[in-house]
Amino acid sequence: MKLRHIISARQFDKKTLEQIFNLTDKIKSQKYNNNHLSGKIMATLFYEPSTRTRLSFESAMLRLGGKVITTENAAEFSSAAKGETLEDTIRVVNSYCDVIVIRHFNEGASEVASRYSKVPVINAGDGKGEHPTQAILDLYTIFSRFNRADFTIAMVGDLKNGRTIHSLCPLLAHYPKVKIIFISPKALAAPKSLKEYLKQRRVHFEETENFKKVELADVIYQTRIQKERFKNTRDYQKYFGKYIIDGSILKYLRSKAVIMHPLPRVNEITQEVDSDRRAIYFEEAANGLYTRMAILAYLFDKS
Ligand code: CP
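Residues numbered from 1 in each chain as written. Predicted model: local features only at pLDDT ≥ 70, side-chain atom pairs only at ≥ 80, totals over all residues. Heavy atoms only, no water.

So, the overall build of the protein
Each helix and strand counted, the protein has eleven helices and nine strands in total. Over its C-alpha atoms, taken along the principal directions, the protein stretches across nearly 55 × 45 × 40 Å. Buried positions account for 55% of the 303 residues belonging to the protein. Element-wise, carbon and sulfur atoms account for 48% of the exposed surface of the protein, whose accessible area totals about 14100 Å². Across the protein, the centroid of the 48 positively charged side chains sits 3 Å from that of the 34 negatively charged ones. (Helix = DSSP H or I, 4+ residues; strand = E, 2+ residues; numbered from the N terminus. Buried < 20%, exposed > 50% of the residue type's maximum accessible area, 1.4 Å probe, protein only. Areas by Shrake-Rupley, 256 points an atom, 1.4 Å probe, with all protein chains shown as cover. Lys, Arg positive; Asp, Glu negative; His and termini not counted. Charge placed at Lys NZ, Arg CZ, Asp CG, Glu CD.)

Concerning the environment of His166
Following the sequence through the fold, His166 ends up in helix α7 (residues 163–172). With 35 residues separating them in the primary sequence, His166 and His131 have C-alpha atoms 7.6 Å apart. The contact partners of His166, leaving out residues within four places of it in the chain, are Lys128, Gly129, Glu130, Leu159, Lys160, Asn161, Pro191 and Leu194. (Contact = heavy atoms within 4.5 Å.)

Overview of a nonpolar patch on the surface
Where nonpolar side chains cluster on the molecular surface, the patch consists of Ile69, Val92 and Tyr96 and spans about 260 Å² of accessible area. When you line up the elements, Val92 lands in helix α4 (residues 86–93). Residue class for Val92 comes out partly exposed when judged on its relative accessible area of 35%. (Patch = residues over 30% accessible without salt bridge, like charges linked within 9 Å, V, L, I, M, F, W, Y side chains within 5 Å. Salt bridge = Lys/Arg side-chain N within 4 Å of Asp/Glu carboxyl O.)

Here's the deal with α7
Because each turn of an α-helix spans 3.6 residues, side chains separated by three or four positions in sequence point in the same direction. With ten of ten residues buried, α7 lies mostly within the body of the structure. All buried positions along α7 are accounted for by Arg163, Thr164, Ile165, His166, Ser167, Leu168, Cys169, Pro170, Leu171 and Leu172.

Side note on the nonpolar core
Among the nonpolar cores identified, the biggest contains 61 residues, and Ile153, Met155, Ile180 and Phe182 are the most heavily contacted of them. Top contributing element to this core by residue count: helix α11 (residues 281–300), with nine residues. Look past the residues within four positions of Phe182 in its chain and what remains in contact with it is Met155, Leu159, Ile165, Cys169, Ala190, Lys195, Leu198, Phe205, Glu206, Glu207 and Thr208. Counting 20 residues, the second largest nonpolar core, distinct from the first, contains Ala154, Val214, Val273 and Ala279. (Core = buried A, V, L, I, M, F, W, Y, C linked by side-chain atoms within 4.5 Å.)

What follows is the structure in structure tokens.
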């Protein structure tokens, strides 16, 4: 069934994913009508900072012929600062636009928004919950390098709080030959509910603290320790810098491996890695534009 809102990666079946990937290919090769969304308006409501998600969504809408309305730092400059509830904000904003893209610090906020919205809502990150459109662009990027779905992916870093991990895993679960190696400190391990989900779908995964396991991976998906989710700085400092991809780690990686990162990075990939041909995180970020154009085109497609 066609999706109305995009809240969780778990909503996507393989057919819908592949439809979006095919559309992305067409958009990238400019075989797509760029005025497809002429007359449509997107509202972006970002209660947390963003560079890539917000600007790529806004650019995607403009490139498809649509328009964008926004509030600068919604937590501070929307009427949320006066105490307005998210529900009321959505009830109002949905009458000004045709689609709402929302990032919020609370897990579940996008799902709440979708219940109060008459127009499609897209989750652009809900606290430590999910970031489904990031997962779509990540998987698209992986498939652009591996013409087969039988790769091993090492997910590294803050797997507890990293919402991109929470969304990428359910998408990978559609591909039975994919193997996942979770690499994190025990305290930042992937959530139990996610591991249960993967077990139910018979996804092959293992957990380790040993960074050297990246040598077994075709895809190294590095993540930032999510400072904003820590209650005290001392805990954060304990893990900050635990897993760093630098020149010395490059030596262990497979020659055809790729290094990905949803970005922003802090210190977990050093700049010397950027010029290595296996580093594809900027290509990954660039694909955010095309996949989000495809996601918008999909949502508004009447066929
Ligand atoms: N990957 C990602 O979500 O980046 P931003 O926080 O800059 O949007």
